[in-house]
Amino acid sequence: MVEYPEIDRYSSLDSPMHRFDPRAKLIAFTILIFSIVLLPNLKLALIGLLASILFLIASKLPLRFALQHIKWVFLFVVPFIIIMPFTVNGTEIFSFYGLTMTYEGLEYGILVAVRAISAVILVLPMIATTRFDITIKALAKLKMPNMLVQMFMFTYRYIFVFVVEFQRTWRAMAARGFKLKTNVYALKTIGKALGTLFVRSYERGERVYQALRSRGYTGSPKTLVVFKMHVLDYILAGTIIGFAVSLHIIPLYLHS
Amino acid sequence: MKREAITVRNLSYSYPDGTKALEDVNLEVYEGERIALVGPNGAGKTTFMLHLNGTLRGTEGQVEIFGKSVDTMRREEIVKEVGLVFQDPDDQLFMPTLFDDIAFGPINQGLKEYEVRERVEKAISSLGLSGYEDRSPHHLSFGEKKKASLAAVIAMEPRILVLDEPTANLDPRSRTELIGIINELNEREGITMVIATHDVNAIPELADRIYALNRTIIETGTPHEIFFDGKLLKQNNLDVPDVFKLFEVLRCFGFNCEKLPLSLDEAISGLTTVIETEGGHIHLHIHEHTHEGVKEWRNKYGHHVPK
Ligand SMILES: Nc1ncnc2c1ncn2[C@@H]1O[C@H](COP(=O)(O)OP(=O)(O)O)[C@@H](O)[C@H]1O
Ligand SMILES: [Mg+2]
């Protein structure tokens, strides 16, 4: 069996996040993500992070699965935490070899990191708690442009076919003794294999299009889907959006 | 006389890169008939099939569906008459779930929602895929995907079904199931079938008539007519069913029957007749021509002759 990169592997669990209407979920969490990413100070961002973690816990997604996805942001965030403290001017904490670490810089680096991590954590209760095809349908229902919806749909379907084809090619190469090294020969071979893969994908694209046309495709694949908002969906969505907005409004009152 | 479901006249086609894939193809298929299209790899079977629903248009010639030229038919009209099942199910199944995929055709036909649901339900149950509605294609086995792509096409209720190598790469059980399903669709719904296949063992159960294609139509006839034509088989690298080969060998050992069987069913009835007429048993023995006969038989199929 092939290992697929499935974001919706745990979409069949049961939790308040899983039961949340997919459309309301998409809208509410998108607003919350934007709200947190735009927060101006660290205290508020930490409240945002705490909230994100609570939503993740409420989604009952396995920790291992969640960490697998969250770990990637660290790669992007770590440079900020290291560089920022030395590049922002402000109160000196210490300095060596002419590099000065500032309190403001440190705070700013951590702020960037906290915002990014919160955002990625929130993506999980938003996307990983719904079957991906239903997320796509929810996007369509939310009047996302048809072109984009189709792109999501085809990508979602064919990324798996592509993964299988790539693994097949890779195994065929390995079976004949190919080892990945950084020499010209290895790079050339990989180039050729990728070339073959692209040609194959192109040919597949042509056949898929023929098959679509053979079933009366005229430009917009339509699906049947029934979404129904319940009172709880309105309440949950209202709460999340309310929280997102108040993160920005409350500080205004506290300052004045 | 039955109506002609498909009429092809002087069809030629070259791919844009100049490959001449079809040349002066002539063929007719009658309503309710089951046709096997045989020919070696690269013979143009797939190319030909893409002409039957107007996906490809011949550089020359005519394709008519129930007397109407596909050139004058609207896309929706053709798609309603001719259902095309592609060889690779991954080309055909593109929706995130099985339900969506099967509903895709009926929705495009402009059916009402409840009709679409009925069609999907019916197609899914007639292929034994109930319970798989929400699965995505990458969670189906190859055999299931193959069935799913057939379901996706029969949900559109076409009068003609065109299948490109439906039994290729299937495990024996899925293969038998699929052959049964195809025949049932033909019997119960009267669907006309055109089936491209290399699976010679399936042909006697799957086809009333064979067209041998190699860029152009070489011969047509019932399975018996084609499989008994040794010269034709040899010239076109066509194989014959294993049962037929076995009984040819038995004949070298003195087995005496009028018409060599092509399928197990025919073998059973043939054996029964022979045993009954010869007093309750069959008689096999090695006689003066046996070795020579077997050698000839090996030569005929190009088998390696061991010392
Ligand atoms: N898209 C294409 N472009 C150019 N040549 C093609 C294309 N598809 C098939 N051919 C060529 O056309 C001929 C017939 O192919 P095909 O119809 O696939 O045969 P079959 O299905 O009987 O194996 C072959 O020589 C093949 O190489
Ligand atoms: Mg083919």
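Cut-offs and rules
- Residues numbered from 1 in each chain as written.
- Chains lettered and ligands numbered in written order.
- Predicted model: local features only at pLDDT ≥ 70, side-chain atom pairs only at ≥ 80, totals over all residues.
- Heavy atoms only, no water.
- pLDDT = per-residue confidence, 0-100.
- Pairing = 2+ DSSP bridges.
- Helix = DSSP H or I, 4+ residues; strand = E, 2+ residues; numbered from the N terminus.
- Core = buried A, V, L, I, M, F, W, Y, C linked by side-chain atoms within 4.5 Å.
- Buried < 20%, exposed > 50% of the residue type's maximum accessible area, 1.4 Å probe, protein only.
- Domains from an automatic or database assignment.
- Patch = residues over 30% accessible without salt bridge, like charges linked within 9 Å, V, L, I, M, F, W, Y side chains within 5 Å.
- Areas by Shrake-Rupley, 256 points an atom, 1.4 Å probe, with all protein chains shown as cover.
- Salt bridge = Lys/Arg side-chain N within 4 Å of Asp/Glu carboxyl O.
- Contact = heavy atoms within 4.5 Å.
- Buried area = accessible area lost by both parts, 1.4 Å probe.

A. Structural context of the confidence of the model for chain B. Summarising the model, chain B shows a mean pLDDT of 90, and 98% of its residues fall at 70 or more. Predicted complex metrics record ipTM = 0.79 and pTM = 0.79.

B. Region of the structure containing the pairing of strand β1 (residues 4-14) of chain B. Residue and element names in this part refer to chain B. Two strands pair when backbone bridges link them, and β1 and strand β2 (residues 20-30) are joined in this way by seven bridges, in the antiparallel orientation. Counted as the bridge partner of serine 14 is lysine 20 from β2. Hairpin connection from β1 to β2: five residues lie between these consecutive antiparallel strands, with glycine 18 at a positive phi of about 100 degrees. Sheet analysis places β1 next to strand β4 (residues 60-65), joined by five bridges and oriented antiparallel. Its bridge partner lying in β4, arginine 9 is registered against glutamine 62.

C. Examining the nonpolar core more closely. Residue and element names in this part refer to chain A. In this structure, Phe20, Phe29, Leu32, Phe55, Leu122 and Ile240 are the most contacted members of the largest nonpolar core, which totals 37 residues. Elements that contribute at least two residues to this core include exactly α2 (22-37), α3 (42-58), α5 (103-127), α6 (132-141), α7 (146-175), α8 (184-214) and α9 (231-255). Of all the elements, α2 adds the most residues to this core, at seven residues. Shared between two domains, this core holds at least three residues of each, these being domain 1 (16-131 + 228-255) and domain 2 (145-214).

D. Quick peek at a nonpolar patch on the surface. Residues and elements named next belong to chain A. There is a patch of nonpolar side chains on the surface, built from Phe74, Val78, Phe80, Ile81, Ile82, Ile83 and Ile110 and spanning about 580 Å² of accessible area. In terms of residue count, the dominant contributor to the nonpolar patch is helix α4 (residues 63-87) (six residues). Position of phenylalanine 74 among the secondary structure elements: in helix α4. Relative accessible area serves as the criterion here: at 40%, phenylalanine 74 is assigned to the partly exposed category.

E. Layout of the interface of chain A and chain B. On the chain B side, the residues contacting the 30 residues of chain A number 35 residues. Summing both partners gives a buried area of about 3,000 Å² for chain A against chain B, and 57% of it is carried by carbon and sulfur. Three residues, A:Arg157, A:Arg215 and A:Leu224, lead the burial of chain A against chain B; their summed loss comes to 30% of the area buried on that side. Between B:Asp91 and A:Arg207 there is a salt bridge, and its shortest N-O distance comes to 2.5 Å.

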